[in-house]
Protein chains: 4
Amino acid sequence: MEQHAIGTSPKIEARRSKIIRAAQKVFAQKGFYEATISDVAREAGISDATIYEYFTSKEELLFSIPGETARDALKNMKNILDHIIDTPNKIHAIIYAFLSFYRDNPDYASIAMLILKQNKNFLETQVYQDIRQLARLIYEVIQCGMDQGELRKDIDPLVVRSVILGSIEHLVIRWLMLGKPNDPVIYSKEITDIILKGVMF
Amino acid sequence: MEQHAIGTSPKIEARRSKIIRAAQKVFAQKGFYEATISDVAREAGISDATIYEYFTSKEELLFSIPGETARDALKNMKNILDHIIDTPNKIHAIIYAFLSFYRDNPDYASIAMLILKQNKNFLETQVYQDIRQLARLIYEVIQCGMDQGELRKDIDPLVVRSVILGSIEHLVIRWLMLGKPNDPVIYSKEITDIILKGVMF
Amino acid sequence: MEQHAIGTSPKIEARRSKIIRAAQKVFAQKGFYEATISDVAREAGISDATIYEYFTSKEELLFSIPGETARDALKNMKNILDHIIDTPNKIHAIIYAFLSFYRDNPDYASIAMLILKQNKNFLETQVYQDIRQLARLIYEVIQCGMDQGELRKDIDPLVVRSVILGSIEHLVIRWLMLGKPNDPVIYSKEITDIILKGVMF
Amino acid sequence: MEQHAIGTSPKIEARRSKIIRAAQKVFAQKGFYEATISDVAREAGISDATIYEYFTSKEELLFSIPGETARDALKNMKNILDHIIDTPNKIHAIIYAFLSFYRDNPDYASIAMLILKQNKNFLETQVYQDIRQLARLIYEVIQCGMDQGELRKDIDPLVVRSVILGSIEHLVIRWLMLGKPNDPVIYSKEITDIILKGVMF
DNA sequence: AATGAATGAGGGTTCATTCAT
DNA sequence: CATGAATGAACCCTCATTCAT
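Source: prediction; values computed, not measured.

Q: Looking at this structure, how should I read the protein's contact with DNA strand F?
A: With respect to spatial proximity, 29 residues lie near DNA strand F, and among them A:Y52, B:T50, D:A49, D:T50 and D:Y54 are the closest. Backbone atoms, meaning sugar and phosphate, form 68% of the atoms of DNA strand F found within 4 Å of the protein. A distance of 2.5 Å is found between a phosphate oxygen of DNA strand F and a side-chain nitrogen or oxygen belonging to A:Y52. One of the side-chain N or O atoms of B:Y54 is found 2.9 Å from a phosphate oxygen in DNA strand F. Those elements that provide at least two residues to the surface near DNA strand F are α3 (48-54) of chain A, α3 (48-54) of chain B, α3 (48-54) of chain C together with α1 (10-30) and α3 (48-54) of chain D.

Take a look at the structure:
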């Protein structure tokens, strides 16, 4: 017999998940404000009212989209980095992981890059803390690389992280908005190359 | 005697400009969707209806915000680059110019980074073409640097540009959303440093 | 051995009663329209759906509140009046009984005075008939007093009853809405005094 | 040339007045909660949105109904009382004035007796203060009658007022709800008679 | 008998936009 | 030209009610 967390059941979780997936798709396609709860409900194959049984507001629904995905991504990233020893390879892994994750989850990418990033209320969310941890992880990789003499000492890890994440985000947004290139992952090698050259001796 | 385009007068232009400045301020503060035409009208000290004498829709008003500012920025950038010979200094000039421009025009930055960037309709705008020219300019600087042997040959100018713009944007958005650091320009030196090391021999 | 009406059991009755008491409290506090079935269910410690096992609609639940209370009050009033011979004392007893009953059942008073009294559907209810009987009782006391020469002959019992009930209701509503005076019963003596002087020779 | 209060015009006032009259009618007929803004708008021959140009909420619209009517009634009552010297006649005038006013304004009566009287928010309204003044006026008439030796000294003006208003209200509500009698004013003489006998020596 | 879950129906309110003046 | 005034069109959200379990 399976056990579930108190107050949840597989059925409930499944439906909640279905709503979130529907919201992800709809918000990604039409944007948060252009999309209506009815759109999401229709996509999920349920009624408007049902959405409010699971989420207290449209914004809460939006903020619930990253949820597990973000947690999973964090766990996955940690796992990968644990398997890599040297910093250059770690940086490449980060860049590759981000780019391929976004490519494989374009709706999620849309929402993360184009909707949530500019929402000030999101900053006070629990999920945002998870995402911050991911950022912190990158910071630590760089810091660690400096400590171990793999990277130059005269760099600011925060700036390096900004260069890494900024490059990724710029390319992903370009991909989302213009559809170019077909696969943003093709750039991961070169981005890594430039950045590594930039931060190594 | 000054000459004006047919159908315009300094008075008209002044009012149009007042509306745009009001919109810039209001949209930056509250966001495009949360802000209302009434908010903008109040800020401009005119009536709602008057706005529609100058702009056909709320979105057109939004798209009109970059307008001259973007054109001026493009001109200014061209002018600066014309005065610099070597590519490394040009790249630094670009980074510095962007960062300082955003710092000095935070409302414009908000709108460019957080609102327009995710609007697909904006892509079909004339103003967007001006902004693309700016991007093309950067591309050309890099291309030119490669041709002249200042930069490595094995880089993709598009990727380099993405690294440059992405880094800038990431830091500016961070500054806009979190208020940190006080002055994003402080990073221009280091960003340049990393990127230059990344793309030079 | 106790007997119950077919289809009911003490358990059922107890639960039904619990719901009614919860409804009384909630409706009195928040008003009928502001209160939700969920509020009532929460107060009763049961689920929303269960309420519909006992009552067909929110309004039927409202109309069920007087129920026994009204029947009991009628019985009680009858009993008291049976023990009093002269009309003046009967009138005083009526006024005192109403005021003290409302004071002791403020939630019931709220619902009777502020909610049910203005509901036209309530007029078609069985319970309303019980309440009308109470009114008829008062009418008869006055009529009887006239017949027996205790009260003036040139009065309309209906008007007298209106004066009696109107005075009571006005004071009770004032008490419910403004909280003044602390105890409305203090007025019973004086109301009686004025009315009796008004209707006796 | 006519002058109008700042910020108003006859047109605006006329429309505002039309909305209020429509609301009065609709709320009286269907009750406040059963009635919708659309109902009111339809009755007024305007759109829903227009109502919100004049009133900030449905409740504010409700609270605006007494407005001038209440002020006029107060003025009228004052005027009448000024023309009467002796207290008994004043009391009769009060009772007659109320009953005839309600009879002639049944929609207003409905709203005052059945809707507003039970609304706690209404107590914090400006209009409510006007209505309280009316009540105070009655209080003063009684007080004055006692001082001048026209009424017994052993009565509480507040109770007398409650008897007066309570009787009136009870009869008016009965009339509103049951439609009986055809004309509530017919009772004014007898109510006065009973109450006067009750409070005079 | 009790309820968790779902929903239809509707309602108040907002707001971009129009147009007569 | 500017605007006061009006509104159509939506949208988010609530809630009484139902029904399968």
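On we go.
Q: Teacher, can you tell me more about the protein's contact with DNA strand E here?
A: By nearness alone, 29 residues border DNA strand E, and A:A49, A:T50, A:Y54, C:T50 and D:Y52 come closest of all. Restricting the count to atoms of DNA strand E within 4 Å of the protein gives a sugar and phosphate share of 69%. The separation between a phosphate oxygen of DNA strand E and a polar side-chain atom of A:T50 is 2.3 Å. Its residues assigned to classes, the surface near DNA strand E shows 15 nonpolar, eight polar and six charged.

Q: Sorry, what's going on with the relation of the copies chain B and chain A here?
A: Superposition of the two copies of the chain requires a rotation about an axis together with a shift along that axis. Taken as rigid bodies, chain B and chain A are interconverted by a rotation of 180° and an axial shift of 0.0 Å, the fit giving an RMSD of 0.2 Å. Expressed as an axis order, the relation between the two copies is that of a two-fold axis. Same-surface contact between copies: 100% of interface residues of chain B are shared with the interface of chain A.

Q: I'm lost on the environment of D:N76 in this one. Help?
A: As for its position among the elements, D:N76 is in helix α5 (residues 67-82). Separated by 21 residues in sequence, D:N76 and D:A97 place their C-alpha atoms 9.1 Å apart.

Q: How should the packing of aromatic side chains be read in this particular structure?
A: The geometry of an aromatic ring pair is captured by the separation of the ring centres together with the interplanar angle, meaning the angle of the planes. Counted under the stated rule, the structure contains 30 aromatic pairs over all chains. Between B:F27 and B:F32 the ring centres are 5.1 Å apart and the planes differ by 80°, which places this aromatic pair in the edge-to-face class. Owing to a relative accessible area of 1%, B:F27 belongs among the buried residues under this scheme. Judged by its relative accessible area of 8%, B:F32 is buried. Between C:F98 and C:Y102, the aromatic rings sit 6.1 Å apart at their centres with planes inclined by 50°, giving tilted as the arrangement. With a gap of four residues between them, C:F98 and C:Y102 both fall in helix α6 (residues 87-104), about one helical turn apart. Considered together, C:F98 and C:Y102 belong to a single accessibility category, that of buried residues. Above the face of the A:F32 ring, A:K58 is positioned so that its terminal group lies 4.6 Å from the ring centre.

Q: I keep staring at the interface of chain B and chain A and nothing clicks. Help me out?
A: Think of interface size as the accessible area that goes away when the parts come together; that is how it is often given. Chain B puts 39 residues into the contact, and the matching count from chain A is 39 residues. Between chain B and chain A the total buried area reaches about 3400 Å² when both faces are included, carbon and sulfur atoms providing 62% of it. Considering only the surface of chain B that becomes buried against chain A, B:H170, B:M177 and B:I194 emerge as the three largest contributors, covering 18% of it. Scanning the region where chain B abuts chain A turns up two salt bridges. Between B:D193 and A:R152 there is a salt bridge, with its nearest N and O atoms 2.5 Å apart. At the boundary of chain B and chain A, one finds ten residue pairs in polar contact (both at pLDDT 80 or more). At the level of secondary structure, the elements contributing two or more residues to the side of chain B that touches chain A comprise α7 (106-115), α9 (157-178) and α10 (188-199) of chain B. Considering only residue class, the side of chain B that touches chain A consists of 20 nonpolar, seven polar and twelve charged.

Q: Can you walk me through the pattern of salt bridges in this structure?
A: Side-chain pairing between opposite charges can occur once the charged atoms of the two side chains come close. The tally for this structure, following the rule as stated, stands at 40 salt bridges over all chains. Between B:R152 and B:D154 there is a salt bridge, and its shortest N-O distance comes to 3.1 Å. Residue classification places B:D154 among the exposed positions, given a relative accessible area of 52%. Residues D:R42 and D:D39 are paired through a salt bridge, measuring 3.3 Å at the closest nitrogen-oxygen approach. Of the two residues, D:R42 and D:D39 are both situated in helix α2 (residues 37-44); the distance of three residues between them amounts to about one turn of the helix. For D:R42, a relative accessible area of 59% gives the class exposed. Look at the salt bridges and you will find they share partners, linking A:R152, A:D154, B:D193 and B:K197 into a network.

Q: Looking at this model, I keep getting lost on the relation of the copies chain C and chain D. Mind explaining?
A: If you rotate chain C by 180° and push it 0.0 Å along the axis, it lands on chain D with an RMSD of 0.2 Å. Of the residues that chain C buries at the interface, 100% are likewise interface residues in chain D, meaning the two copies contact each other through the same surface.

Q: Help me out: how do you make sense of the nonpolar core in this one?
A: For soluble globular proteins, nonpolar side chains are generally found buried alongside one another. Counting 143 residues, the largest nonpolar core has C:F27, C:L61, D:F27, D:L61 and D:I164 as the members making the most contacts within it. Setting aside its immediate chain neighbours within four residues, C:L61 contacts C:I19, C:I20, C:A23, C:F27, C:I37, C:V40, C:I51 and C:F55.

Q: Teacher, can you tell me more about the interface of chain C and chain D here?
A: Contact with chain C, which involves 39 residues of that partner, is made by 39 residues of chain D. Buried surface at the junction of chain C and chain D, summed over both partners, amounts to about 3400 Å²; 62% is from carbon and sulfur atoms. Contact with chain D buries area across many residues of chain C, yet C:H170, C:M177 and C:I194 alone supply 18% of it, more than any other trio. Applying the counting rule to chain C against chain D returns two salt bridges. For the interface between chain C and chain D, the tally reads ten residue pairs in polar contact (both at pLDDT 80 or more). Of all the secondary-structure elements, those providing two or more residues to the side of chain C that touches chain D are α7 (106-115), α9 (157-178) and α10 (188-199) of chain C. A total of 17 residues in the side of chain C that touches chain D trace back to one element, the largest contributor, which is α9(C). Looking at side-chain class alone, the side of chain C that touches chain D contains 20 nonpolar, seven polar and twelve charged residues.

Q: Is there a simple way to think about the domain arrangement of chain A in this case?
A: Residues and elements named next belong to chain A. In terms of domains, chain A is made up of domain 1 (10-63) and domain 2 (66-199). When each unit is reduced to the centre of its C-alpha atoms, the spacing between domain 1 and domain 2 is 27 Å. Contact with domain 1, which involves ten residues of that partner, is made by twelve residues of domain 2. Of the roughly 900 Å² buried where domain 1 meets domain 2, counting both sides, 64% is carbon and sulfur surface. Interface area lost by domain 1 to domain 2 is led by Q24, L62 and F63, which between them contribute 61%. Linking domain 1 with domain 2 are zero salt bridges, by the criterion used here. Taken together, domain 1 and domain 2 are joined by two residue pairs in polar contact (both at pLDDT 80 or more). Sorting the residues of the side of domain 1 that touches domain 2 by element identifies α1 (10-30) and α4 (58-64) as the ones contributing at least two each. Ranked by residue count, the leading element in the side of domain 1 that touches domain 2 is α1, at five residues. Residues of the side of domain 1 that touches domain 2, tallied by class, amount to six nonpolar, two polar and two charged.

Each value, and the rule that gives it
Counting of residues starts from 1 at the beginning of each chain's written sequence and follows it residue by residue. Chain letters start at A and ligand numbers start at 1, both assigned in the order the entries are written. This being a predicted model, a pLDDT of at least 70 is required before a residue's local features are given, and a value of 80 or more before pairs of side-chain atoms are given or counted; all residues contribute to the totals for chains, interfaces and linings. Excluding hydrogens and water, the side-chain figures rest on all heavy atoms present in the structure. A cutoff of 4 Å decides nearness: a residue is near a molecule or strand if any of its heavy atoms lies inside that distance of it. Polar contact is defined as a pair of N or O atoms within 3.5 Å, subject to the rule that within protein one atom must be able to donate a hydrogen and the other to accept it, and that residues adjacent in sequence are counted only when both atoms are side-chain atoms. Helix and strand definitions follow DSSP, with helices as H or I runs of at least four residues and strands as E runs of at least two, each counted in order from the N terminus. Classification used: nonpolar for Ala, Val, Leu, Ile, Met, Phe, Trp, Tyr, Cys and Pro, charged for Asp, Glu, Lys and Arg, polar for all others including Gly. Least squares is the method used to superpose the copies, on C-alpha atoms of residues holding a pLDDT of at least 70 in both. What makes two residues a contact is simply this: any of their non-hydrogen atoms within 4.5 Å. Two aromatic rings, drawn from Phe, Tyr or Trp (for Trp, its six-membered ring), form a pair once their centres lie within 6.5 Å of each other, and the interplanar angle then sorts them: stacked below 30 degrees, edge-to-face above 60, tilted otherwise. For the exposure calls, accessible area comes from a 1.4 Å probe over protein chains only, and a residue counts as buried if that area is under 20% of its type's maximum, exposed if over 50%, partly exposed in between. Here, over-ring charges are defined by two tests on the NZ atom of lysine or the CZ atom of arginine: distance to the ring centre within 6 Å, and angle to the ring normal within 35 degrees. Two parts lose some accessible area (1.4 Å probe) when they are put together, and adding that loss for both gives the buried area. Salt bridges are defined by distance alone: a side-chain nitrogen of Lys or Arg within 4 Å of a carboxyl oxygen of Asp or Glu. The set of buried Ala, Val, Leu, Ile, Met, Phe, Trp, Tyr and Cys residues whose side-chain atoms join them within 4.5 Å is what this entry labels a nonpolar core. How far each domain reaches was decided by an automatic or database domain assignment.

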